[in-house]
Amino acid sequence: MKAFGFLSFGHYADVPGSSTRTAGDMLTQTIEIAEGADELGVNGAYVRVHHWARQAASPMPLLSAMAARTTRIEVGTGVIDMRYENPYQFAEEAAALDLIADGRVALGVSRGSPETALRGYETFGFVDEEDPERGSVMAREKFDLFLEAIDGARVAPGDPRMVGAGHHLAVEPHSPTLRERIWWGAGSRATAEQTGRKGLNLMSSTLLTEATGQPFHELQREQIDLFRAAYKEAGHTGSPRVSVSRSVFPLVSDRDRAYFGLRSEESVDQVGVIDGFRSTFGKTYAAEPDVLIQQLVADEAVMSADTLMLTIPNQLGPEYNLHVLEAFAKYVAPALGWKPNTEGPVQGYPL
């Protein structure tokens, strides 16, 4: 591990104890956390994308605001559900964001996670008449069109009266290096290998659609190894990025212990069924800093990835979440190999 950032689900609800009662609260507070994290040297500010729920949903305006109000921190998503996207409009918005952020972008995309709406993407106007159940296929087909567009392909026939006969047009604006900052969110070995073959970055999911009896971190480390092997075998020569996410809480105050102290006694991997697959979910880490260091050094996936995303309890407000990030930066991250954002953009490990 050489970098860490925060990952916010963007929850909001008008309930007792929440500092984030409305969508407006969530958006402005996320920007505030990103600003504070940038000053702390944190490397990344990432948001989840969940439609049809009281959570962060439409990421581009939020990421643009975060990028405009910060100077060094990377801004991104984990992940955008391609089933809901027009690939060419998404290519326009992604390029504009990348230009605003001066390349400080990490756009995670995928098929998306289970949701409360039944095929909610159809309500957005994206219907597969042949097979309504093939959302994963639709997501990958759209993603391929998105990649084609950000690579500068001329995809639209030009009006001969405007541009002359036989001309085709590319999506504008265009950010030439945007593809280097696209990540695929993978929840299985197969998708990790596909991601490597495409030459993309890997955003390993908070769960894996496997349950072999092995600890989550070992399964995830194997997934990362398969990704890197596939990337190299496909002939790609870069240093691809890899991220994993964890809930990690250094217990350095009485308030920390009141909120998360019990987690240190109950922290184990979970096994369940999601989308019909028996799956393994990672555990929460909550302990004194010296114990956390030992636990995270022993987490094979955390130490194999270049970037650790810390899921934050955003409804506890900016002040407390910045305290969590500062405690991790001060007491834990340096022992794991962390380099603050003042040392430049994060690079993947050489293959």
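Scroll up to find the structure.
Just so it is clear, the model here is predicted, and its values are computed rather than measured. Every chain is numbered on its own, with residues counted from 1 as its sequence reads. Given that the model is predicted, a residue must reach a pLDDT of at least 70 before its local features are reported, and side-chain atom pairs must reach 80 or more before they are shown or counted; all residues, however, enter totals for whole chains, interfaces and linings. The side-chain figures draw on all heavy atoms in the structure; neither hydrogens nor water molecules are used.

1. Re the overall build of the protein
Working step 1: Per the convention used, a helix needs a DSSP run of H or I reaching at least four residues, while a strand needs a run of E reaching at least two, with both numbered from the N terminus. A count of helices and strands for the protein gives 13 helices and 14 strands.
Working step 2: The globule rule puts the C-alpha radius of gyration for 351 residues at 20 Å, and the 20 Å found for the protein is close to it.
Working step 3: With respect to the principal axes defined by its C-alpha atoms, the protein has extents near 70 × 45 × 40 Å.
Working step 4: Residue contacts are defined here by distance: any two heavy atoms, one from each residue, within 4.5 Å place the two residues in contact. Looking at the protein alone, contacts between residues at least 24 apart form 73% of all its contacts between residues at least 6 apart.
Working step 5: Taken as a whole, the protein presents about 15600 Å² of accessible surface, with 52% of it coming from carbon and sulfur.
Working step 6: With 32 positive and 47 negative side-chain charges, the protein shows a separation of 2 Å between the mean positions of the two kinds. Atoms counted for the radius of gyration: C-alpha only. Globule rule: 2.2 Å times the number of residues to the power 0.38. Accessibility throughout is a Shrake-Rupley quantity obtained with a 1.4 Å probe, and a residue counts as covered only by protein chains that appear here. Charge counting treats Lys and Arg as positive and Asp and Glu as negative, with His and both chain ends excluded. To locate a charge, the coordinates of NZ of Lys, CZ of Arg, CG of Asp or CD of Glu are taken.

2. Thoughts on a nonpolar patch on the surface
Working step 1: The grouping of M162, V163 and L169 at the surface amounts to a nonpolar patch, some 290 Å² of accessible area in total.
Working step 2: Secondary-structure assignment places M162 in helix α6 (residues 160–163). Patches draw on residues past 30% relative accessible area with no salt bridge. Two like charges within 9 Å are joined, as are two nonpolar side chains (Val, Leu, Ile, Met, Phe, Trp, Tyr) within 5 Å. Take a side-chain nitrogen of Lys or Arg and a carboxyl oxygen of Asp or Glu: if they are within 4 Å of each other, that pair is a salt bridge.

3. Re the nonpolar core
Working step 1: For our purposes a nonpolar core is just a set of buried Ala, Val, Leu, Ile, Met, Phe, Trp, Tyr and Cys residues, chained together by side-chain atoms within 4.5 Å. Buried means the residue's accessible area, taken with a 1.4 Å probe over protein chains only, is under 20% of the maximum for its type, while exposed means over 50%, and partly exposed covers the values in between. Core analysis: the biggest nonpolar cluster contains 67 residues, and F4, L107, F146, L325 and F328 have the highest contact counts within it.
Working step 2: Of the residues forming this core, the biggest block, seven residues, is contributed by helix α13 (residues 318–336).
Working step 3: Residues within four places of F4 in sequence aside, it is in contact with V42, N43, G44, L308, L310, L325, F328, A329, A333 and W338.

4. Notes on unusual backbone geometry
Working step 1: With an omega of 5°, the peptide bond between G78 and V79 qualifies as cis.
Working step 2: The topology assignment puts V79 in strand β3 (residues 74–81).
Working step 3: With an omega dihedral of 0°, the bond running from E172 to P173 counts as a cis peptide bond.
Working step 4: One can find P173 in the loop between β6 (168–170) and β7 (182–186).
Working step 5: For W52, which is not glycine, the phi torsion reads 60° and is therefore positive.
Working step 6: On the secondary structure map, W52 appears in the loop between β2 (44–47) and α2 (59–68).
Working step 7: Even without being a glycine, R119 presents a positive backbone phi close to 45°.
Working step 8: Structurally, R119 can be placed in the loop between β4 (105–110) and α4 (120–123).
Working step 9: On the accessibility criterion, R119 (24% relative accessible area) is partly exposed.

5. A look at the packing of helix α3 (residues 87–100) against helix α5 (residues 135–150)
Working step 1: Note on geometry: axes are lines fitted to C-alpha atoms, helical ones only across the stretch in contact, with angles between N-to-C directions running from 0 to 180 degrees. The interhelical angle for the contact between α3 and α5, taken along N-to-C directions, is 45°, at an axis separation of 8 Å. Considered as vectors, α3 and α5 are oriented oblique to each other. Considering how the two elements wind past one another, α3 and α5 form a crossing that is right-handed. Of α5, the residues touching α3 (which contributes P87, Y88, F90, A91 and A94) are K142, L145, F146, E148, A149 and I150.
Working step 2: Residue polarity is assigned by list, with Asp, Glu, Lys and Arg as charged and Ala, Val, Leu, Ile, Met, Phe, Trp, Tyr, Cys and Pro as nonpolar; anything else, Gly included, falls into the polar class. Here the contact of α3 with α5 is built from residues that sort into nine nonpolar, no polar and two charged. Comment on the angle field: the value is read as roughly parallel under 35 degrees, roughly antiparallel over 145, roughly perpendicular from 65 to 115, and oblique elsewhere. Crossing chirality is assigned from the near helix's rotation relative to the far helix, an anticlockwise turn below a right angle marking it left-handed and a clockwise turn marking it right-handed.

6. Side note on the packing of α2 against α3
Working step 1: Two numbers describe how α2 lies on α3: the axes approach to 9 Å, and their chain directions differ by 10°. Taken together, the axes of α2 and α3 are roughly parallel relative to one another. In contact with M60, L63, S64 and A67 of α2, α3 contributes F90, E93, A94, L97 and I100.

7. Observations concerning the side chain of N321
Working step 1: Structurally, N321 is set in helix α13.
Working step 2: Whenever two N or O atoms come within 3.5 Å, that pair is a polar contact, provided that in protein one can donate a hydrogen and the other can accept it, and provided that, for residues adjacent in sequence, both atoms are side-chain atoms. Within polar-contact distance, the side chain of N321 engages the backbone oxygen of G317 at 2.7 Å.
Working step 3: Apart from the residues within four sequence positions on either side, N321 is in contact with I33, I312, P313, N314 and L316.

8. Remarks on helix α8 (residues 216–233)
Working step 1: Between its terminal C-alpha atoms α8 stretches 26 Å, which fits the 26 Å expected from 18 residues at 1.5 Å a residue.
Working step 2: Those residues of α8 lying buried are F216, H217, L219, Q220, Q223, I224, F227, R228, A230 and Y231.
Working step 3: Following α8 by one or two positions, G235 adopts a phi angle in the positive range, close to 95°. In this scheme, a helix's expected span is set at 1.5 Å multiplied by one less than its residue total.

9. Some thoughts on the pattern of salt bridges
Working step 1: Considering all chains together, one arrives at 16 salt bridges under this definition.
Working step 2: The salt bridge involving R179 is made with D151; its shortest N-O contact spans 2.6 Å. Pair noted here: R179 is in the loop between β6 and β7 and D151 is in the loop between α5 and β5 (154–157), with a separation of 28 residues, a long-range link.
Working step 3: Residue R179 is classed as partly exposed on the basis of its relative accessible area of 28%.
Working step 4: Using a relative accessible area of 44% as the deciding quantity, one classes D151 as partly exposed.

10. With respect to the packing of aromatic side chains
Working step 1: Between the rings of Phe, Tyr and Trp (Trp by its six-membered ring), a pair exists once the centres lie within 6.5 Å; its type follows the angle of the planes, with under 30 degrees stacked, over 60 edge-to-face, and the other angles tilted. One pass over the structure, following the stated rule, counts 13 aromatic pairs.
Working step 2: An angle of 75° between the planes, with centres 5.6 Å apart, marks the rings of W52 and F124 as edge-to-face. Within this pair, whereas W52 is found in the loop between β2 and α2, its partner F124 is found in the loop between α4 and α5, the two being separated by 72 residues in sequence.
Working step 3: We classify F124 as partly exposed; its relative accessible area is 42%.
Working step 4: Measuring from centroid to centroid gives 4.8 Å for F143 and W184, while their planes differ by 55°, and the two rings are tilted. Placement of F143 in helix α5 and of W184 in strand β7 is noted, with a sequence separation of 41 residues between them.
Working step 5: Taken together, W52, Y84, Y121 and F124 form an aromatic cluster joined through their ring pairs.

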